[in-house]
Amino acid sequence: VRRAISEIVVVGGSLAGVAAIEELRGRGYCGRIVLVGAEAELPYDRPPLSKQVLTGTLSARSCRLRDDDWHDTHEVELALGTWATALDPGRRELTLGDGRTTSYDGLVIATGVTARELDGPRLSGVHTLRTLDDAQALQRAFAHGSRVAIVGGGFIGAEVAASARAVGLEVTLIEALATPRARVLGPTVGTVCGRLHTDHGVHLRCGVPVRSVAGIDGHVDRVVLADDSIVEADVVVVGLGVRPAVAWLDGSGVEVADGVLCDAACRTNAPGVVAAGDVARWPHPTLGSIRVEHWQNAVMQGCAAAAALLEPRRTEPYGPIPYVWSDQFDVNIQVAGEPRAEDEVAILGTPDDYRFTALYGRHGRLSAGVSFNSRGATRRVTRLLAAGASFERAQEAMHDPGPLPLPAVAFIPDPLGEVT
Ligand SMILES: Cc1cc2nc3c(=O)[nH]c(=O)nc-3n(C[C@H](O)[C@H](O)[C@H](O)COP(=O)(O)OP(=O)(O)OC[C@H]3O[C@@H](n4cnc5c(N)ncnc54)[C@H](O)[C@@H]3O)c2cc1C
């Protein structure tokens, strides 16, 4: 039975939740909105946490996503510092950490992900990085530490390595694969990523997984690798990926499988419940079942999920071109599309000075573009991807500086600026 919507609860007080609320209000929804968020802070942006917050060039306050009166102007009731602990879709009721319940007509799940930790005893000096508290703890550790070991050469590990070097620390980046980013970007671009770090004085330990971390008197002092070699460190940062924050949905009947399962329009199997952002897994029209852990998707999917909530008959599939950026040292890296290690790669430009674009091809089609310090390239790649360009045509179009005879694609630039 469809209900008129006059009470919406958004669970997760971060990027996707804020985007969903703005879309609801932007579409003229004037009923009640409650924002339930586990963190006590007003919604803030995570990308600076591994960059400017660690180097001390941006304060915690400057990371806020919106002005302090945003919730008043958008008429949002804040329940921050409050966990959602259970959901009863039959009664349309959400249970909060303090035992209170709140009812809803519509609910947005935007609980994101949590950082994976290493197995073994807890030692001080071992950090993960997901929240502002994590970033501030790590910044303090940087101030007192001298040798940092980073476990995992993904974007977050690589950014932390760059920030640690920027504040003068000795850094070892440990990656189980042959190069950082090899699993996604493949060996050619992975090698460039590795060289970027060694050029800036990072010690790279690739090809050997970590066995454990160990220490004295409860404080970490080394990382032990699978070949018994040791990396000495007084600060260890674990960057081994994330898990969707879905434990609170146990027993609710909302389908979960490495994320909250949605249909093509971001609706879950529970009536009136949609999901968005890092936590949501959905059937992308061309890429199959995916979950995307990037900033731009959290914004766009928050909007799509809000639209699906207000328009029960909406069937328009949510099918963005995935996009992520990363800043490491003086290099801005942008990835559009879904590169895979086994894709063909064509390099345009000069990797030696970190100014190039790598085009990825799969079955004769363009599958992705990765650009280093070439901001304008990403929008071009995105339009070629949206048009389903062949790998050959994409290479020609990227060489030719003329205008592209292709429609523009909706694109939200990253918060630091233009991508054109
Ligand atoms: C250090 C760092 C750097 C990043 N840098 C980049 C970058 O350079 N480029 C890029 O594209 N992306 C970057 N990202 C990724 C980007 O920030 C995420 O994609 C984005 O934050 C996802 O937003 P979200 O709202 O889906 O989830 P999140 O931001 O994870 O927010 C989810 C919120 O829900 C809350 N929550 C969880 N469970 C519950 C519960 N049961 N009850 C109530 N609240 C709950 C959490 O506490 C959290 O506040 C970075 C992420 C991190 C951590």
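None of the values given here were measured: they were computed from a predicted structure.

Parameters at a glance
Residues numbered from 1 in each chain as written. Predicted model: local features only at pLDDT ≥ 70, side-chain atom pairs only at ≥ 80, totals over all residues. Heavy atoms only, no water. Helix = DSSP H or I, 4+ residues; strand = E, 2+ residues; numbered from the N terminus. Rg over C-alpha atoms; globule rule 2.2 N^0.38 Å. Buried < 20%, exposed > 50% of the residue type's maximum accessible area, 1.4 Å probe, protein only. Areas by Shrake-Rupley, 256 points an atom, 1.4 Å probe, with all protein chains shown as cover. Lys, Arg positive; Asp, Glu negative; His and termini not counted. Charge placed at Lys NZ, Arg CZ, Asp CG, Glu CD. Pairing = 2+ DSSP bridges. Salt bridge = Lys/Arg side-chain N within 4 Å of Asp/Glu carboxyl O. Axes fitted to C-alpha atoms, helices over the stretch in contact; angles between N-to-C directions. Contact = heavy atoms within 4.5 Å. Core = buried A, V, L, I, M, F, W, Y, C linked by side-chain atoms within 4.5 Å. Right-handed = clockwise from strand over helix to strand, strands pointing away. Near = heavy atom within 4 Å. Polar contact = N/O pair within 3.5 Å; in protein donor to acceptor, adjacent residues only side chain to side chain. Nonpolar A, V, L, I, M, F, W, Y, C, P; charged D, E, K, R; others polar. Expected span 1.5 Å × (residues − 1).

*Asks:* Before we move on, could you go through the overall build of the protein and cite the residues and values that matter?
*Replies:* Secondary structure assignment for the protein yields nine helices and 26 strands. Taken against the 2.2 N^0.38 rule, which gives 22 Å for 420 residues, the C-alpha radius of gyration of the protein at 22 Å falls within 12% of a compact globule. Its C-alpha atoms put the protein at 60 × 60 × 35 Å along the principal axes. Looking at the protein as a whole, 52% of its 420 residues are labelled buried. Of the accessible surface of the protein, which amounts to about 18,200 Å², a share of 50% is contributed by carbon and sulfur atoms. Placing the 40 positive and 51 negative side-chain charges of the protein at their respective mean positions leaves the two points 4 Å apart.

*Asks:* Can you explain the sheet that holds strand 21 (residues 288-291)? Please cite residues and give values.
*Replies:* One open sheet holds the three strands; their spatial order is 18-20-21, and the pairing between them is mixed. Every interior strand has two partners, whereas the edge strands, strand 18 (260-261) and strand 21, have only one. Two elements, strand 18 and strand 20 (residues 280-284), share two bridges in a ladder whose sense is parallel. Across the sheet, residue Leu261 finds its bridge partner in strand 20, namely Arg281.

*Asks:* Hey, could you go over the pattern of salt bridges for me, with residue numbers and the actual values?
*Replies:* For the structure on display, the rule yields 24 salt bridges. Glu117 serves as the salt-bridge partner of Arg122, at 3.0 Å between the closest nitrogen and oxygen. For Arg122, a relative accessible area of 72% gives the class exposed. When its relative accessible area of 42% is taken as the criterion, Glu117 is described as partly exposed. When the shortest N-O distance is used, the salt bridge between Asp352 and Arg195 registers 4.0 Å. Taken together, the residues span a long stretch of sequence, with Asp352 in the loop between strand 24 (344-350) and strand 25 (355-362) and Arg195 in helix 6 (residues 182-199) at a distance of 157 residues. The partly exposed category is assigned to Arg195, whose relative accessible area is 27%. Because the salt bridges share partners, they merge into one network encompassing Glu23, Arg27, Glu311, Arg314 and Glu316.

*Asks:* A description of the sheet that holds strand 19 (residues 273-275) should follow, citing residues and the corresponding values.
*Replies:* What the five strands build is an open sheet, ordered 3-2-1-7-19; its pairing is parallel. Sheet topology places strand 3 (77-80) and strand 19 at the edges, where each strand pairs with a single neighbour. Ignoring which end each strand starts from, the neighbouring axes of this sheet average 15 degrees apart. Contacts from helix 1 (residues 15-26) reach strand 1 (7-11), strand 2 (32-37) and strand 7 (106-109) within the one sheet, and its direction differs from that of strand 2 by about 175 degrees. Against the sheet, helix 7 (residues 295-310) contacts strand 1, strand 7 and strand 19, and its axis sits at roughly 165 degrees relative to strand 19.

*Asks:* Give me the nonpolar core: which residues, what numbers.
*Replies:* Counting 58 residues, the largest nonpolar core has Leu94, Leu107 and Ile109 as its most contacted members. At nine residues, the largest contribution of residues to this core is made by helix 7. Excluding residues within four positions of it along the chain, Leu107 makes contact with Val9, Val11, Leu87, Leu94, Gly272, Val273, Val274 and Leu309. Judged by nonpolar contacts, the second largest core, of 22 residues, contains Val53, Leu54, Phe142 and Val148.

*Asks:* Tell me what's going on with the pairing of strand 2, and back it up with residues and numbers.
*Replies:* Across the six residues of strand 2, five count as buried, placing the element largely inside the fold. Here strand 1 pairs with strand 2 via five bridges, running parallel. Looking at strand 2, one finds that Val9 is bridged to Val34. In this region the chain leaves strand 1, passes through helix 1 and returns to the parallel neighbour strand 2; the handedness of that crossover is right-handed. Summarising the sheet, strand 2 and strand 3 pair through four bridges and their orientation is parallel. From the neighbouring strand, Gly37 faces strand 3, where its bridge partner is Leu80.

*Asks:* Tell me about the site of the ligand, and name the residues and values.
*Replies:* As a structural note, the neighbourhood of the ligand is formed by 35 residues, with Ser14, Glu39, Arg46, Lys51 and Asp278 the closest of them. The separation between an oxygen atom of the ligand and a polar side-chain atom of Ser14 is 2.7 Å. The set of elements that each furnish at least two residues to the shell around the ligand consists of helix 1, strand 2, helix 5 (155-166), helix 7 and strand 22 (323-328). Looking at the shell around the ligand residue by residue, the classes come out as 19 nonpolar, nine polar and seven charged.

*Asks:* Could you give an account of helix 1, naming the residues involved and the relevant values?
*Replies:* Helical periodicity: at 3.6 residues per turn, an α-helix aligns residues three or four positions apart in one direction. For helix 1, built from 12 residues, the straight-helix expectation of 16 Å at 1.5 Å per residue is met to within 8% by its first-to-last C-alpha distance of 16 Å. Of all 12 residues making up helix 1, nine are buried, and the element is well covered by its neighbours. Within the span of helix 1, buried status applies to Leu15, Ala16, Gly17, Val18, Ala19, Ala20, Ile21, Leu24 and Arg25. Residues of helix 1 that are buried make contact with strand 1, strand 2, helix 3 (70-73), strand 7 and helix 7. Directly after helix 1, the chain includes Gly28, whose backbone phi takes a positive value near 90 degrees.

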